[in-house]
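Coordinates in review
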Amino acid sequence: MSNDLRTKQGQEEIVIDKIREDGGFTVFWAAETQRRACAIERLQKRGEIRRVGGNYPFCKYELVIGVK
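Residues numbered from 1 in each chain as written. Predicted model: local features only at pLDDT ≥ 70, side-chain atom pairs only at ≥ 80, totals over all residues. Heavy atoms only, no water.

**Focus on unusual backbone geometry**
- Backbone torsion omega between tyrosine 56 and proline 57 reads 10°, so that peptide bond is classified as cis.
- Mapped onto the elements, proline 57 comes out in the loop between strand E2 (49-53) and strand E3 (58-63). (Helix = DSSP H or I, 4+ residues; strand = E, 2+ residues; numbered from the N terminus.)

Structural data, given as C-alpha cells:
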C-alpha cells in the first residue's frame, strides 16, 4: 500500500481500499485513529461511500459510482 497516511486523501484511500477488499469494516477499525474516523465521515458526507447494513461490530459499506 503506498497511501500517504499523513494526508486526508491518503486516509480516504485506505478506507476506500478496505471497503473494496472487505465490503466494510468494524467499528473498532474505524475508530482506531481519529484521522481514519474523520476520513470515513468526510467520505459519507460527500456521498462517496454509503452504509448498507451489517451487524455490530461490522459495518457493511458500498462505494458509490464514480469513486476512484
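On we go.
**Overview of helix H3 (residues 34-45)**
- Here H3 spans 16 Å end to end across 12 residues, near enough to the 16 Å set by a 1.5 Å rise per residue.
- For H3, the set of buried residues is Arg36, Ala39, Ile40 and Leu43. Taken down its axis, H3 places every buried residue within 100° of arc, on the same side. Turned more than 90 degrees off the buried face of H3, the exposed positions are Gln34 and Lys45.
- At its buried positions, H3 is contacted by helix H1 (8-22), strand E1 (24-26), helix H2 (27-30), E2 and E3.
- Remark: glycine 47 follows H3 within two positions and exhibits a positive phi of approximately 80°. (Expected span 1.5 Å × (residues − 1). Buried < 20%, exposed > 50% of the residue type's maximum accessible area, 1.4 Å probe, protein only. Arc of directions from axis to C-beta. Contact = heavy atoms within 4.5 Å.)

**Side note on the nonpolar core**
- If you look at the biggest cluster of nonpolar residues, it comprises 13 residues, and the most contacted ones within it are Val15, Ile19, Phe25, Trp29, Ile40, Ile49 and Tyr61.
- Of all elements in the fold, only H1, H2, H3 and E3 reach the threshold of two or more residues within this core.
- The leading source of residues in this core is H1, at 4 residues.
- If near-sequence neighbours (up to four positions away) are discounted, tryptophan 29 is found in contact with Ile14, Val15, Lys18, Arg36 and Ile40. (Core = buried A, V, L, I, M, F, W, Y, C linked by side-chain atoms within 4.5 Å.)

**Remarks on the pattern of salt bridges**
- What the rule picks out here adds up to 9 salt bridges.
- The partner of arginine 42 in a salt bridge is glutamate 12, and the shortest N-O contact between them spans 2.6 Å. Within this pair, whereas arginine 42 is found in helix H3, its partner glutamate 12 is found in helix H1, the two being separated by 30 residues in sequence.
- By relative accessible area, arginine 42 is classed as partly exposed at 22%.
- Glutamate 12 gets classed as buried once you look at its relative accessible area, which sits at 5%. (Salt bridge = Lys/Arg side-chain N within 4 Å of Asp/Glu carboxyl O.)

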